[in-house]
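# Breakdown of the fold
The residues making up each chain are set out below.
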Amino acid sequence: MRPDIAVRTRGRRAFWGFADQAVGSLGNFVLLILVARSSSQDRFGAFVVVLAAYALTAGASRALVSEVILFEYPRLLPEQQFRAGALGAALVGGVIGAVPVILLGAFTPLGAGFILLGAFLPFLILQDVERHIMLASHRQRDAFVNDLLWTFTALAAISVYAGYVTLTLASALVLWAGGGLLASLVGLAQLRILPRQSQIAPYLRLTRPFVGSLMVEYLVVTFAANVVLLILTGIIGLVGVGGLRAATAIYSPLNTLFQASRTVLIPWLSRQAAAGHDIVRKVAAVSATFLVCAGGAAIVISALPDSVGRSLFGPSWLIAGSLVGLAGIDRVLASVAVGPMLGLRALREVRRGLLSRASVAAAAMIFGLIGGLLDGARGALLGSIAAWTFGLFVYGRAFMRIARPDEARGRDRARVA
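Everything numeric in this text was worked out from a predicted model, so none of it was measured. Position numbers for residues count from 1 along each chain, tracking the sequence in the order it is written. Only residues with pLDDT of at least 70 are given local features in this predicted model, and only at 80 or more are side-chain atom pairs given and counted; all residues enter the totals for whole chains, interfaces and linings. Each side-chain value is worked out from all heavy atoms of the structure, with water and hydrogens disregarded.

## Brief notes about the overall build of the chain
Within the chain, the secondary structure is distributed over 14 helices and zero strands. Reading the chain from its N end, one meets helices and strands in the order α-α-α-α-α-α-α-α-α-α-α-α-α-α. Computed over the C-alpha atoms, the radius of gyration of the chain is 22 Å, within 12% of the 22 Å expected from 2.2 N^0.38 for a compact globule of 417 residues. Overall, the chain is about 65 × 55 × 40 Å in size when its C-alpha atoms are taken along their principal axes. Residue contacts follow a heavy-atom distance rule, with two residues in contact if any of their heavy atoms lie within 4.5 Å. For the chain, the share of sequence-separated contacts (at least 6 apart) that also reach a separation of at least 24 residues comes to 82%. The method behind every accessible area is Shrake-Rupley, applied with a 1.4 Å probe, and residues are considered shielded solely by the protein chains displayed. For the chain, the accessible area works out to roughly 19200 Å², and carbon and sulfur atoms hold 66% of it. Of the charged side chains in the chain, 37 are positive and 19 negative; the average position of the first set lies 4 Å away from that of the second. Each helix is a run of DSSP H or I of at least 4 residues and each strand a run of E of at least 2, with the numbering of both proceeding from the N terminus. Only C-alpha atoms enter the radius of gyration, while the globule expectation follows 2.2 Å times N to the 0.38, with N the number of residues. Positive: Lys, Arg. Negative: Asp, Glu. His and the chain ends are not part of the count. Each charge is placed at NZ for Lys, CZ for Arg, CG for Asp and CD for Glu.

Written as C-alpha cells, this is what we have:
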C-alpha cells in the first residue's frame, strides 16, 4: 500500500474509532438525563444501581472474552472459526453472568430491575463482543453504526415513552436493553456469522494465557468502582446514589475527551520516548492542558443556575446541585493524573501502571466508603477527592522513577540521609 493511502486509511480508522467511543460515552450521558428527568429520585437511583450491576458483568465478560480479541485477532485460528468461538463464548458467558444477577433480584427490593437485566444480559454481552471483533478487524465504521443503532433506538424509545406514560424502572430497562438486543442481532448480520458452540473450547484455549492479567485489570478498573456504588446504596440509599451519579454524570463529556485522547497521546508519547526526547515536560504539558479543560468545565458547571440543572436531571438535581462543585474538584484532580498515567503506558510500564491503579482504586474504595458512612453522598465525593490526591502522588512518583531514574534515586538517597 502506498504511504499516502496508508496514512489516510489510518486516519479514517482513528476517526471512526473516536466516533464510536464518543457515541457510547455521550449516549450514556443522555440516557441518564432522560431517565433522571422522567423519574423520581429513588427510581433514578435504582436505575443507576442496575446499570452498575451491568457494568460489573460486562467488565468480567470483557476480561474473559472480549479484550483478548483486540490483540489476538485472529492469530492462531482461522478467522471465521475465531469469530464463531468468540460469539459462542459471549452467549454462554452472558447466560452464566445472568444467574447471579437474577438471584440478586430475587433477594433485593430491586427484584424486577435485576431480573430484567438478567434476561437481556446474554444479548448485551454478545453485542459487546461483536463490537470488539469489528474493531479488531479494522471495521471501526461498522462498530460505530452498531453502537449508534443501540444508542439512538434506546434514547428515542425512552424519550417517546416518557412523553406519554410514567417511566418506571422496568420500562426504562426494557427500552434501553431492547436497543442492545436489536444491535446484537444486527451485529450478527454485519459479521455474517452465527455463534458456534463447537468453537468455544478452541477460542478459550487461545485466550487462557491472557485471562489472569486481564482479570486483574478488571478488578482494579471496573469492579472496584461499581462495587463501591453498590455498597454505598446500602449506606446512603437510592436517592443519595442517584444524586451522586447525577453530579458526576454532568462531567461525562469531559471524561469522553480524556478517554478519546488516549488513542492519540499514547502513540505520540511512545514515539517521543523512542526518539530519545525527554517526555517529562510533554507529560506535564498534557496534565496542564487537561487541568485547564477540567478547571474551566468545573467553573462553568458550578455556576449553572438551578433551573438548568433541574431541566437536565429533574428532581435528582436537588442533591446533585449541592455536589457538582465537589465533583468538579474530583475531575480536576483526575485530569492532572491523566498525564503520568499515559506516560507510564507510553513507556510500556504496564505492570507498574497496573500496580499504581490498584493502589488508587483501593484508596477510592476505602475513602469513599468511609466518607459515605460519615457524611452521605457528600462524604463519598470527599473520599474520592482524597483518593485522587493520593493518586497524584502515586502516579507521579511511578512515572518519574521510570522517566528520570537518576533524579528519583537521588531524592531517595536525600530522604535517607
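## A short note on the packing of aromatic side chains
Note on aromatic contacts: the rings of Phe and Tyr and the six-membered ring of Trp form a pair at centre separations within 6.5 Å, being stacked when their planes are under 30 degrees apart, edge-to-face when over 60 apart, and tilted otherwise. Scanning the model with the defined rule gives four aromatic pairs in all. Relative to Tyr203, the ring of Phe82 has its centre 5.3 Å away and its plane inclined at 75 degrees; by these criteria the two rings are edge-to-face. With Phe82 in helix 3 (residues 79-106) and Tyr203 in helix 7 (residues 200-249), this pair connects stretches of sequence that are 121 residues apart. Buried residues are those whose accessible area, probed at 1.4 Å on protein chains only, stays under 20% of the maximum for their type, while exposed residues exceed 50% and partly exposed ones sit between those limits. Judged by its relative accessible area of 0%, Tyr203 is buried. Relative to Trp317, the ring of Phe313 lies with its centre 6.1 Å away and its plane at 15 degrees, an arrangement referred to as stacked. Residue Phe313 is classed as buried on the basis of its relative accessible area of 0%. Three or more aromatic residues link up through ring pairs in this structure, and these residues are Tyr54, Trp150 and Trp176.

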